[in-house]
Amino acid sequence: MSQSAASHLSPAFPRRAAWGTAGALRAWQAEALQLYLDSGRTDFLAVATPGAGKTTFALRVAAELLSAGEVTNITVVAPTEHLKTQWADAAARVGIHLDPRFSNTTAVTSSDYDGVAVTYAQVASRPSVHEQRTRAERTLVILDEIHHAGDSKSWGEACLEAFEPATKRLALTGTPFRSDTNPIPFVAYEEGNDGIRRSSADYTYGYGNALSDGVVRPVIFLSYSGNMRWRTKAGDEIEARLGEPMTKDAVSQAWRTALDPRGDWMPNVLRAADRRLSEVRKSIPDAGGLVIAADQDSARAYAKLIREITGAAPTVVLSDDTGASSRIDDFAASEDRWMVAVRMVSEGVDVPRLAVGVYATTISTPLFFAQAVGRFVRSRRRGETASVFLPTIPDLLGFANEMEVERDHVLDKPRKDGEEDPFAEEDKLLQEAEREEDEDTEETLPFEALESDAVFDRVLYDGAEFGMQAHPGSEEEQDYLGIPGLLEPDQVQMLLQKRQARQISHSRKRPDGEADLLEIPAERRPVVTHKELLELRKELNGLVGAYVHQSGKPHGIIHTELRRVCGGPPSAEATAGQLGERIKKVREWATRMR
């Protein structure tokens, strides 16, 4: 059974540090350390939300074990080249010296080092080299983001071979869940009452606890919708609104159309994100922004747009190499506004001043989303908030509303026939993490993006939704972009409610016709929980699906007819009342056809 951090302790308890560490431990770190030392276990799994300080906890464990003579050697295994260097730098600051340049070929390191920092890919390529090193000394192996050891059978087998002889193994992760059923090495699984085995952490410190303790920042998600137009492989031109009910392929194509730098969606969202960053920098002068791009060509194009918007060229990180590490480090130490990067900056990279993000990739897995948002939540002082800009994609909005949900890795989960692995894209990218900058891979897409526009859609915060649709650059949009950068969580909630009330009031005062510019209903939806809205949408979509089989009409036609008859925006943007009206109408139609 996992332990959780004591709610009565302050985030920085106790205010003293033992040998080998600097500063004070946070409450969860102190509690987890004591539990680790008392357990005496060979294997220990600590799950802590991104930004909570897993590295500090692990290095304190290493310092204690080295000081007591229980181990004489440290091996840190990280997902990427940059992260192993980051580990070595962090360890050096507390008096532990790790060699991040250890080579499988030479297989030796200076006696000046206390150990090495390597990648999972490096271990997988020559597990015998690492097995010999592990066996030669009493070794503590720190497995950072251990869920990656389940990325492929070969990676898991390599870790088992290389580190089975270790004296101690400390596994860390912020996101222990995976969609596949590959067992993660050195992780214990417990069978539940339903007969399904789930990973069992020895210590868990979730986002909800970290938020309550002030260890991480609360996140304001700003969602943008808009009309997308694209041409299919067959030559048909399709137009759809981002967030509308669509087939999986149509959602993907609409999403990619939005992210196309040649359209209007990305420039407008980047402009809005930069205005938000300017507001945050009034309170946090060194606050920075990060655009997470899908590929290198897009990253370069977004960098060009940012330069046009701000007048300054952003830092661009295109691959996971030593040059990328230095660029990230330089950005972290500067007061520059923006960094644009492909996937590799999404996980583990420590740039505490990042406060504004743009999610400009089509990866839609909970693991990647949690790690990406984790880049912005690292708290440095009370009152800081993070702001992340998203396209109105139902999966992403669901992840945003479930930030506090804790998940375990599930084994024995049956795979439905034809079901795709939602982690497949993430796993493929991880395996390509070592590519050089000039090894650009270009995906041939079965469509052509033609046109896009952006519409401010809503704000998601603490399980509730706020705001009405508004044009980019409008006073209504600026109301939400202009929220101060330093506020207590309850102040954020209160301010969002006030902004929303003012927006409703303005929409009611407009002359007839003006309020319909974006097909906005005159009445603002009540603030309901995301779970209530999600259940209503599920019920509506289930009824529409049943009516599709009954009537033979396509989903899109039925949803369009519902909007015509009942009024209001697409289902993804509809209020609880509007969803209820559509549910009643579909039931009426189904009854008539019986």
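These numbers come from a predicted model, not from an experiment.

Explain the overall build of the protein to me, using residue names and the numbers behind them.
In terms of regular secondary structure, the protein is built from 19 helices and 21 strands. The buried share of the protein, reckoned over its 594 residues, is 55%. A separation threshold of at least 6 residues defines the contact pool for the protein, and within that pool the share at least 24 residues apart is 75%. In the structure as shown, the protein presents an accessible area of about 25,400 Å², 47% of it carried by carbon and sulfur atoms.

Report on the sheet that holds strand β19 (residues 447–452), specifying residues and quantitative values.
Read across the sheet, 3 strands follow the order β13-β12-β19 without closing on themselves; strand pairing throughout is antiparallel. Unpaired on one side and paired on the other, β13 (237–241) and β19 mark the two borders of the sheet. Neighbour to neighbour, the strand axes of the sheet diverge by 25° on average, direction disregarded. Summarising the sheet, strand β12 (residues 227–232) and β19 pair through 5 bridges and their orientation is antiparallel. Each residue of the ladder has a partner; that of Trp-230, found in β19, is Ala-449.

Can you tell me about the nonpolar core, naming the residues and giving the values?
Residues Phe-57, Tyr-224, Trp-265, Tyr-302, Val-358 and Phe-389 are the most contacted members of the largest nonpolar core, which totals 124 residues. The contact partners of Val-358, leaving out residues within four places of it in the chain, are Met-266, Val-269, Leu-270, Ala-273, Leu-290, Val-291, Ile-292, Trp-338 and Phe-389. Val-77, Phe-102, Val-118 and Ala-162 belong to the second-largest nonpolar core, a separate cluster that totals 24 residues.

Any details on the side chain of Glu-465? Residues and values, ideally.
Residue position: Glu-465 is located in strand β21 (residues 464–466). A polar atom in the side chain of Glu-465 sits 3.2 Å from the side chain of Arg-458.

Which residues make up the packing of helix α18 (residues 555–566) against helix α19 (residues 576–593), and what are the values?
Where α18 meets α19, the axes come as close as 10 Å, and the angle between the chain directions of the two elements is 115°. Our classification of the angle between α18 and α19 gives roughly perpendicular. The interaxial crossing formed by α18 with α19 has right-handed handedness. Contact with α18, carried on its side by Ile-558, Glu-561, Leu-562, Arg-563, Val-565 and Cys-566, involves Glu-581, Arg-582, Lys-585, Val-586 and Trp-589 of α19 and no other residues of that element. Of the residues assigned to the contact of α18 with α19, the class counts are 6 nonpolar, no polar and 5 charged.

Requested: an account of the confidence of the model for the protein, with residues and values cited.
Across the protein, the average pLDDT comes to 80, with 78% of residues at 70 or higher. Counted against residues more than four places away or in other chains, residues 1–22, with its pLDDT under 50, gives 56 contacts. Within the model, the stretch residues 512–527 combines pLDDT values under 50 with 35 contacts to residues more than four positions away or in other chains.

How would you summarise the packing of aromatic side chains if you had to cite specific residues and measurements?
Within the structure shown, the criterion is met by 12 aromatic pairs. With a centroid separation of 6.1 Å and 75° between ring planes, the pair formed by Tyr-359 and Phe-368 is classed as edge-to-face. The two residues Tyr-359 and Phe-368 agree in class, both being buried. Through pairs of rings, three or more aromatic residues link up here, namely Phe-221, Tyr-359, Phe-368, Phe-369 and Phe-399. The side chain of Arg-133 reaches across the aromatic face of Phe-102, ending 5.2 Å from its centre. The ring of Phe-331 carries the charged tip of Arg-353 above its face, separated from the ring centre by 4.2 Å.

Before we move on, can you summarise the packing of helix α9 (residues 265–283) against helix α10 (residues 296–310) with the specific residues and values?
Packing of α9 against α10 brings their axes to within 10 Å, and their N-to-C directions diverge by 55°. In terms of orientation, α9 lies oblique with respect to α10. Every pair of crossing elements has a handedness; the one defined by α9 and α10 is right-handed. Contacts from Met-266, Pro-267, Leu-270, Arg-271 and Asp-274 of α9 reach α10 at Tyr-302, Leu-305, Ile-306, Ile-309 and Thr-310.

Which residues make up the pattern of salt bridges, and what values go with them?
Opposite charge on two side chains permits them to pair, given that their charged atoms come into close proximity. As enumerated under the stated definition, the model contains 24 salt bridges in all. Measuring nitrogen to oxygen at the nearest pair gives 2.6 Å for the salt bridge that ties Glu-131 to Arg-135. Of the two residues, Glu-131 and Arg-135 are both situated in helix α5 (residues 127–136); the distance of 4 residues between them amounts to about one turn of the helix. Residue Arg-135 is classed as exposed on the basis of its relative accessible area, which comes to 54%.

Cut-offs used in this document
Counting starts from 1 at the beginning of each chain's written sequence and moves along it residue by residue. Reporting in this predicted model follows two pLDDT cut-offs: at least 70 for local features of residues, and 80 or more for side-chain atom pairs to be given and counted; totals over whole chains, interfaces and linings ignore these cut-offs and use all residues. Here the side-chain values reflect all heavy atoms present in the structure, with hydrogen atoms and water set aside. Numbering of helices and strands runs from the N terminus; a helix is a DSSP stretch of H or I covering at least four residues, while a strand is a stretch of E covering at least two. Categorising residues by exposure relies on relative accessible area from a 1.4 Å probe, with only protein chains included: less than 20% of the type maximum marks a residue as buried, more than 50% marks it as exposed, and the intermediate range marks it as partly exposed. A contact between two residues is defined here by any heavy atoms of the two lying within 4.5 Å. In these tables, accessible area is a Shrake-Rupley quantity obtained with a 1.4 Å probe, and a residue counts as shielded only by the protein chains included in the view. Two strands qualify as a pair provided DSSP detects at least 2 bridges between them. To define axes, lines are fitted to C-alpha atoms, for helices over the stretch in contact only, and angles between the resulting N-to-C directions are given on a 0 to 180 degree scale. Residues belong to a common nonpolar core when they are buried Ala, Val, Leu, Ile, Met, Phe, Trp, Tyr or Cys residues joined through side-chain atoms within 4.5 Å. In protein, a polar contact requires one atom able to donate a hydrogen and another able to accept it; more generally it is a pair of N or O atoms within 3.5 Å, and residues adjacent in sequence count only if both atoms are side-chain atoms. The cut-offs work like this: below 35 degrees is roughly parallel, past 145 is roughly antiparallel, 65 to 115 is roughly perpendicular, and the gaps in between are oblique. Crossing handedness follows the turn of the near helix against the far one: under a right angle anticlockwise gives a left-handed crossing, and clockwise gives a right-handed one. In this classification, the charged set is Asp, Glu, Lys and Arg, the nonpolar set is Ala, Val, Leu, Ile, Met, Phe, Trp, Tyr, Cys and Pro, and all remaining amino acids, among them Gly, are polar. Every residue carries a pLDDT, the predictor's confidence in it, which falls somewhere between 0 and 100. What counts as a ring pair is set by centres within 6.5 Å for rings of Phe, Tyr and Trp (its six-membered ring), and what kind of pair is set by the plane angle: stacked under 30 degrees, edge-to-face over 60, tilted for all other angles. As a reminder, the over-ring test applies to NZ of lysine and CZ of arginine, requiring each to be within 6 Å of the ring centre and within 35 degrees of the ring normal. By definition, a salt bridge exists where a carboxyl oxygen of Asp or Glu is found within 4 Å of a side-chain nitrogen of Lys or Arg.

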